[in-house]
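Geometric and topological summary
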There are 2 protein chains.
Amino acid sequence: MRRSRKSDGQGHVLALSGGVGGAKLAAGLAAVLAPERLTIIVNTGDDFEHLGLTICPDIDSVVYALAGLNDTARGWGVADESWHALGMLGRLGEADWFQLGDRDLAMHIARSWRMREGESLSAVTARLSAGLGIAHRVAPMSDDALRTMIETDAGWMEFQRWFVGERCAPAVRGIKFEGEAGMSPALAQALARDDLAVVVVCPSNPYLSVDPILAVAGVRAALGDVNVPRVAVSPLIGGKAVKGPLGALLADLAGGADNAAIARHYGGLIDHLVIDRSDDAGAEGLHAQGLCVTVTDTLMRGVEDQARLARAVLGAVKVEADL
Amino acid sequence: MRRSRKSDGQGHVLALSGGVGGAKLAAGLAAVLAPERLTIIVNTGDDFEHLGLTICPDIDSVVYALAGLNDTARGWGVADESWHALGMLGRLGEADWFQLGDRDLAMHIARSWRMREGESLSAVTARLSAGLGIAHRVAPMSDDALRTMIETDAGWMEFQRWFVGERCAPAVRGIKFEGEAGMSPALAQALARDDLAVVVVCPSNPYLSVDPILAVAGVRAALGDVNVPRVAVSPLIGGKAVKGPLGALLADLAGGADNAAIARHYGGLIDHLVIDRSDDAGAEGLHAQGLCVTVTDTLMRGVEDQARLARAVLGAVKVEADL
């Protein structure tokens, strides 16, 4: 039963995001929507404990993008970063396979300390966001641990070990999410809002960034129940992932990298797919899968592209931007 | 009952050290003694927990000095240090009153993580020293917490809060050491060695750096029992402390800043005081206190001064240097 909503085009936007690509659209949405109209829910399946620090790569990517601190050339972490602590950790014989920049490290130190003092990940994320001047609400999908595990021919390994430690080289045989996670307060509240206008699935990896959010208890059911457009922005451009392991994953797990595979993967959970102009030829097939399709330029080279794509996504489902 | 020792001038040297000044002489001793002939025991009364990290300022000062990484101009921390993590911590609204350099932070992260994993402070200190290429044994006075507390007119406060947070401004009414601490294995072993040749009290603050070591259970008794010279190097030069709050402390607690006050403070625990040439006039009074006195240049401007003073200290008690 999908509930009816008060949707006058001025309603609330719930964005589900992973790291880099998702973070760009999240920043675009934040650029065109007033703070009270946007909730950004971020994947925490990639989170891990490293050297005693709680590291949340996707939350940090979103926070850095919204704060304008993200390194756009490297594609992750903080701009103008330095690596002196990491160099010293290496000299001390500690693990240095995970790139920890000096500024980035401050996020991990503050988060780890506050959580050890008893704060939830939601509370810490709100604290860190506010510290960096972010007015919009950024929250984890859950305050519970749900850890993405990757199956390769060498067995199961933690996501970061595969992603960073092994540079995504081992072919992926399967993915699972370990743990029992309930929705964070921000996610539960956004899904229950009377004025919810749209759910935006950002252009993040469906397997690694969106599936963990869908694996949080109650999320699939709630997304099936919301009576508002659910629009995903495809992470593919010209049939290829802009960055990261998505291309190989689609080949390994879906038999091919195209938007039809993305659409099949999301099944009945989305109504609308925004695809890049270069993948226009596949639009017919998507219509046949029962989806509304919007074709636009989805590559986000800078903040202007981010805002433009955010407007296009909102416009596609008749939701007005504020700015 | 002071035990007899096999002392042929080639025996073992036990150095007790605080931070900066002590670290310089510790580095000098390491420069002139083979690794197997030296144990450096470091004050941990200043240690504290900060942002979830275990910080051991005096151990780090000694380790940096021995590794040649210490900033000689600033007088503490790592040379060529950067402060990006601290700047970000400040932006995040976290405490930034304690100066944490980026390289220095790696020490605290590694130490905190290893200790949380169950390693003792002794084991971690050995690990970090080895990582930085230090062949000599550097160890904490204790693996237990013994925290220096400072009494001011505003009440008791933790040492670092007074030292760094308040820049030593509040006059000191009293000092106490909270906790029950036993000797670290390295300290107990060094005191029990048959070939112990000398105990060197480095030119550190008697109240803040040496007294905590003396407050470790059994240390005063063991120092009273060793049948070897116990030689302290005065931290005063020209009746003034080279650095830090010693001058004010002596005025507040001992009624005056001179070597007679230092000697009285150590009471019967030392036999020999090494003083600076500029304080020569006080030597007679020290003899009257029953002490052997060596007058030399005690200011250590660089590694050559450190080695020279180390040789002078060892020579004063007929212990041979290796190098």
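Residues numbered from 1 in each chain as written. Chains lettered and ligands numbered in written order. Predicted model: local features only at pLDDT ≥ 70, side-chain atom pairs only at ≥ 80, totals over all residues.

This part is about the packing of helix 1 (residues 20–32) of chain A against helix 2 (residues 57–67) of chain A. Residue and element names in this part refer to chain A. Where helix 1 meets helix 2, the closest approach of the two axes is 8 Å, and the angle between their N-to-C directions is 40°. Judged on the interaxial angle alone, helix 2 and helix 1 are oblique. The handedness of the crossing between helix 1 and helix 2 is right-handed. Touching Val20, Ala23, Lys24, Ala26, Ala27 and Ala30 of helix 1 are Ser61, Val62, Ala65 and Leu66, all from helix 2. For the contact of helix 1 with helix 2, the residue count by class is eight nonpolar, one polar and one charged. (Axes fitted to C-alpha atoms, helices over the stretch in contact; angles between N-to-C directions. Helix = DSSP H or I, 4+ residues; strand = E, 2+ residues; numbered from the N terminus. Parallel < 35°, antiparallel > 145°, perpendicular 65-115°, else oblique. Left-handed = near helix turned anticlockwise from the far one by under 90°. Contact = placed C-beta atoms within 7 Å. Nonpolar A, V, L, I, M, F, W, Y, C, P; charged D, E, K, R; others polar.)

Okay, the interface of chain B and chain A next. Opposite the 23 residues of chain B that make contact, chain A presents 23 residues. The element best represented in the side of chain B that touches chain A is helix 4 (residues 102–116) of chain B, accounting for nine residues. In terms of residue class, the side of chain B that touches chain A is built from 12 nonpolar, six polar and five charged.

Our focus in this paragraph is the environment of Leu146(B). All names here are of chain B. Checked against the element boundaries, Leu146 lands in the loop between strand 5 (137–140) and strand 6 (147–152). On the basis of neighbour count, Leu146 is assigned to the buried category, with 22 C-beta atoms found within 10 Å. The sequence separation of Leu146 and Val219 amounts to 73 residues, and the corresponding C-alpha distance is 14 Å. (Buried ≥ 20, exposed ≤ 12 C-beta atoms within 10 Å, placed from the backbone.)

Adjacent strands of a sheet form backbone hydrogen bonds with each other and so pair up, either parallel or antiparallel. Residue and element names in this part refer to chain B. Pairing within the open sheet is antiparallel, and its three strands lie in the order 7-6-8. Each edge of the sheet is formed by a strand with only one pairing partner; in this case those strands are strand 7 (155–158) and strand 8 (174–178). Taken pair by pair, the neighbouring strands of this sheet meet at an average axis angle of 30°, ignoring direction. Bridge analysis of strand 6 against strand 7 gives four bridges, and the strand direction is antiparallel. Residue Ile150 lies in a different strand from strand 7, and its bridge partner there is Met157. (Pairing = 2+ DSSP bridges.)

A few words now on the pairing of strand 14 (residues 292–296) of chain B. When a strand is regular, its side chains alternate between the sheet's two faces. Residues and elements named next belong to chain B. As defined by bridge partners, strand 13 (residues 272–276) adjoins strand 14 across five bridges and the pair is classed as parallel. In the strand pairing of strand 14, Leu273 is matched with Val293. Following the backbone out of strand 13, through helix 12 (residues 283–288) and into the adjacent parallel strand 14, one traces a crossover that is right-handed. (Right-handed = clockwise from strand over helix to strand, strands pointing away.)

Our next topic: the sheet that holds strand 7 (residues 155–158) of chain A. All names here are of chain A. With respect to topology, three strands assemble into an open sheet ordered 7-6-8, the strand pairing being antiparallel. Two strands close off the open sheet at either side, each with one partner strand: strand 7 and strand 8 (174–178). Put simply, the sheet's adjacent strands are angled 30° from each other on average, direction ignored. The pairing of strand 6 (residues 147–152) with strand 8 spans five bridges and is classified as antiparallel. When the sheet's bridge partners are listed, Met149 is paired in strand 8 with Lys176.

Residues and elements named next belong to chain A. Packing of helix 4 (residues 102–116) against helix 5 (residues 121–131) leaves a shortest axis separation of 10 Å and a crossing angle of 140°. With respect to their mutual orientation, helix 4 and helix 5 come out oblique. With respect to the hand of their crossing, helix 4 and helix 5 are arranged in right-handed fashion. Of the residues in helix 5, those touching helix 4 at Met107, Ala110, Arg111, Arg114 and Met115 are Leu121, Val124, Arg127 and Leu128.

Let us look at the relation of the copies chain B and chain A. Two copies of a chain can be linked by a rotation about an axis combined with a shift along that same axis. Mapping chain B onto chain A calls for a rotation angle of 180° and an axial translation of 0.0 Å; the resulting RMSD is 0.0 Å. Both chain copies can therefore be described as sitting about a two-fold axis. Minimal C-alpha separation from the rotation axis in chain B is found for Asp102(B), amounting to 3.1 Å. Taken as a fraction of all interface residues of chain B, those also at the interface in chain A reach 100%, which identifies the copy contact as same-surface. (Least-squares fit on C-alpha atoms with pLDDT ≥ 70 in both.)

All names here are of chain B. With respect to the element layout, Val78 can be found in the loop between helix 2 (57–67) and helix 3 (84–91). Through-space distance from the C-alpha of Val78 to that of Asp60 is 9.2 Å; in sequence the pair is 18 residues apart. Those residues within four positions of Val78 in sequence are excluded, and the remaining contacts are Tyr64, Leu69, Asp71, Gly101, Arg103 and Asp104.

This paragraph deals with the pairing of strand 9 (residues 196–201) of chain B. Residues and elements named next belong to chain B. Across the six residues of strand 9, six count as buried, placing the element largely inside the fold. Alignment of strand 1 (residues 12–17) against strand 9, held across five bridges, turns out to be parallel. Bridge assignment links Leu14 to a residue of strand 9, and that residue is Val199. Two elements, strand 9 and strand 10 (residues 230–233), share three bridges in a ladder whose sense is parallel. Bridge pairing in strand 10 links Val200 to Val231.

So, about unusual backbone geometry. Residue and element names in this part refer to chain B. Of note in the backbone geometry, Leu51 takes a positive phi value of approximately 55° without being a glycine. On the neighbour-count criterion, Leu51 (21 C-beta atoms within 10 Å) is buried. The backbone of Asp80 sits at a positive phi, close to 55°, despite the residue not being glycine. Mapped onto the fold, Asp80 is located in the loop between helix 2 and helix 3. Residue Asp80 is classed as exposed on the basis of its 9 C-beta neighbours within 10 Å.

Moving on, we get to helix 13 (residues 303–316) of chain B. All names here are of chain B. For helix 13, which comprises 14 residues, the first-to-last C-alpha distance of 20 Å matches the rise-based estimate of 20 Å (1.5 Å per residue) to within 8%. For helix 13, every residue scored as buried is listed here: Gln306, Ala307, Leu309, Ala310, Arg311, Val313, Leu314 and Ala316. Phi turns positive one or two residues past the end of helix 13, at Lys318, with a value near 60°. (Expected span 1.5 Å × (residues − 1).)

All names here are of chain B. Relative to the 18 Å expected for 13 residues at 1.5 Å per residue, helix 1 (residues 20–32) spans 19 Å between its end C-alpha atoms, a close match to the ideal helical length. Burial runs high along helix 1: 12 of the 13 residues are buried. Looking only at helix 1, the buried set comprises Val20, Gly21, Gly22, Ala23, Lys24, Leu25, Ala26, Ala27, Gly28, Leu29, Ala30 and Val32.

Looking at chain A, pLDDT values average 94 and 98% of them are 70 or higher. With pTM at 0.94, the complex prediction returns an ipTM value of 0.92. (pLDDT = per-residue confidence, 0-100.)

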